[in-house]
Amino acid sequence: MGGADFANILFTEFLNYDPSEMTWPFRDRFFLDPGHMSPMLYSVLALAGNYSLEDLKNFRQWGSVTPGHPEVDPERGVENTSGPLGQGHTMAVGAAIAERFLVARFGEWMAHKTYTFISDGGIQEEISQGAGRLAGYLGLNNLIMFYDSNDIQLSTGTDSVTSEDTAMKYTAWGWNVLTIVGNDPDAIRGALRSALTEKSRPTIIIGKTIMGKGAIKEDGSNFERQCSTHGQPLTHAGASFKKTIANLGGNPENPFEIFPDVAELYAKRRETLKAWANTKNDEEDAWADANPALAAKLDKFLSGEVPEFDYSKIVQKSGAATRNASATVLAAFAKGIENMIVSSADLSNSDKTDGFLNNTKAFKNGDFSGAFLQAGVCELTMASVMNGIVLHGGIIAACGTFFVFSDYMKPALRMAALMELPVKYIWTHDAFRVGEDGPTHQPVEHEAQLRLMEHLKNHSGENSTLVLRPADAQETTVAWQLAIENTSTPTALILSRQNIKDLPSKGNRYEEAKQAAKGAYTVEECENPDVILVASGSEVASLVEGALLLRERDGLGVRIVSAPSEGLFREQDKAYQESVLPVSIPKFGLTAGLPVTLRGLVGDSGAIWGLSSFGFSAPYDILDQQLGFTAENIYNQVKALLT
């Protein structure tokens, strides 16, 4: 724990928060990147009074509040779940953006800092490129990062894998770069004071530290800077646990001991923080008294409540691609939801997040009055930044790219699911109908992968992710409503590139589409159906055309079901599930993905037409013909099933 000196000084002299209200929204944040440094974090938080020594002794045990890698717990001071290297400090970039966004709307009185801690591993992870570039470009002077540069990683020294000049790299990105002896308390203080005066750039403090500082072997010889101490207990690594404890001034027979001077230091800091928090609360009260309308708006933002919005007033164009229908909704959000940030990975005019952008403006260095983040080509960075924005609080975050590039984002999606963060993912170009772009851009297996997240439960017992693939423009409006109202898990919206015919309606298609909130519903009914056709997305409209042939040629009774979310459908009571998809009636499924995508809905006795290979390069209407996504093939496949 070469960075322990930094953590100690940060928490006892610089990090500002309210000890009596750890979730106070205007606190400084500390985001840990290397989750294996959890003992350092738990230790300083124990000294601050948020964990007991018993909690520390139960490190990594079943049911303990000190898991092997930190899991988000702001009440105790853990701002983020960390483990996958690189994501922690990228979340900090998101939190810093969130702070600037709110300050731009409510004033500098609420300004606060975001501190983050990174290691050699996080610096090497590719995501650090995106985080460093974005933070520098945006001039996030409220972001201060300590780099624990100890030259040791898990299996080698850093000189075995890199020779880059980290200081020059961050300088090139526009950071304020400070290099210090990372175990020197005065150097740490000086660097932090300098960082706090920086007005236009994020700061990285490169602390050259000693890994395993103070570790000795049984014979008393030095055992510092050893790779073996990275991932196992000292004795297993080759050092002497007892002699190292004694060398550091502790009692080997009672290593879990807080020295009186340390207890006094943290107790004094606690009193200082209480006084500071009282002063800040007085400032907030004075501002609120002078600005009652703004104060009410801020309270609503920070409450996490679902914003009031009349979705019935959104006017969709008939026969629109669902990405275009999404743009229509986003345009309305830009005018009606003031605490929403939308981002795109250099595709805003194609994933149609420009519906939002065209009604606001993109963030620029020093200007956060808009609400759009042009992330550039960095899908994983963008997704992790969104996690940080939501972790900060007060903001609804959404980000977009092509569905095939969700592959780049899944590590951050998994973290959002684990932390139960309601980030919204806008994934367009949802199938082989991307056409001429060919198999590199045509998702096939992606929906099946994503649907697994509907089966995976989070620690609150909910489906870890809400996955929605709307079938037409009005269903897209409803899908967005479900996404905004989902405040406990991530939501994925899977949207088409090509236009889709509106589904049949008895009068008010929007009102009928609201049944999508149950995950699956009947689009065209038949009192005693011979067969049930089920799909999601654009394939539902294809089923409508196929059903017409089945009725005209053979007089068959056909029910058509749109199933935008199997996860939602399985949350309904058994009676509703049976009413929509009775077990006794044959079912045919159509999917532009792997057939397994619909197996849970169609059942083992039904038939599914899907793809079993990568796509091909050709116009999408040709692909429909060649791959069997036609009314004629639907007719033939259903006839074969019934026969």
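A. Examining unusual backbone geometry more closely. With phi around 70 degrees, Arg60 is a residue other than glycine that occupies positive phi space. With respect to the element layout, Arg60 can be found in the loop between helix H3 (53-57) and helix H4 (87-106). Although it is not a glycine, His429 adopts a positive phi angle of roughly 60 degrees. Among the structural elements, His429 can be located in the loop between strand S9 (424-428) and helix H17 (446-455).

B. Structural view of the nonpolar core. Core analysis: the biggest nonpolar cluster contains 144 residues, and Ile97, Phe333, Met340 and Trp480 have the highest contact counts within it. Dropping the residues within four chain positions of it, Met340 is found in contact with Phe101, Leu330, Phe333, Phe356, Ala371, Ile396, Ala398, Trp480 and Ile484.

C. Representation of the pairing of strand S6 (residues 340-344) within the structure. In terms of burial, S6 is a largely internal element, five of the five residues being buried. Residues of S6 alternate between two faces, with Met340, Val342 and Ser344 on one and Ile341 and Ser343 on the opposite face, all of them buried. Bridge count for S6 against strand S8 (residues 396-402) is five bridges, and the pairing is parallel. Across the sheet, Ile341 pairs through a bridge with Ala397, a residue of S8.

D. Representation of the pattern of salt bridges in the model. All chains considered together, the criterion is met by 34 salt bridges. We note a salt bridge from Arg570 to Glu566, for which the minimum N-O separation is 3.6 Å. Within this pair, Arg570 and its partner Glu566 are both found in helix H21 (residues 566-570), separated by four residues, close to a single helical turn. Accessibility expressed as a relative area gives 38% for Arg570, which makes it partly exposed. Within this structure, Asp430, Arg433, Glu447, Arg451, Glu454, Arg469, Glu539 and Asp624 form a network of salt bridges that share partners.

E. Layout of the packing of aromatic side chains. Evaluation of the coordinates by the stated rule reveals 26 aromatic pairs. The interplanar angle of 80 degrees and the centroid separation of 5.6 Å between the aromatic rings of Phe11 and Phe30 together place this pair among those described as edge-to-face. With Phe11 in helix H1 (residues 4-14) and Phe30 in strand S1 (residues 29-32), this residue pair connects regions lying 19 residues apart in the sequence. Consider the rings of Phe101 and Phe363, whose centres lie 6.4 Å apart with planes at 75 degrees: the pair is edge-to-face. With a gap of 262 residues between them, Phe101 in helix H4 and Phe363 in the loop between helix H14 (354-357) and strand S7 (372-374) connect regions that are remote in the sequence. Accessibility assignment for this pair places Phe101 and Phe363 in one class, buried.

Definitions and cut-offs
- Residues numbered from 1 in each chain as written.
- Predicted model: local features only at pLDDT ≥ 70, side-chain atom pairs only at ≥ 80, totals over all residues.
- Heavy atoms only, no water.
- Helix = DSSP H or I, 4+ residues; strand = E, 2+ residues; numbered from the N terminus.
- Core = buried A, V, L, I, M, F, W, Y, C linked by side-chain atoms within 4.5 Å.
- Buried < 20%, exposed > 50% of the residue type's maximum accessible area, 1.4 Å probe, protein only.
- Contact = heavy atoms within 4.5 Å.
- Pairing = 2+ DSSP bridges.
- Salt bridge = Lys/Arg side-chain N within 4 Å of Asp/Glu carboxyl O.
- Phe/Tyr/Trp six-rings, centres within 6.5 Å; stacked < 30°, edge-to-face > 60°.

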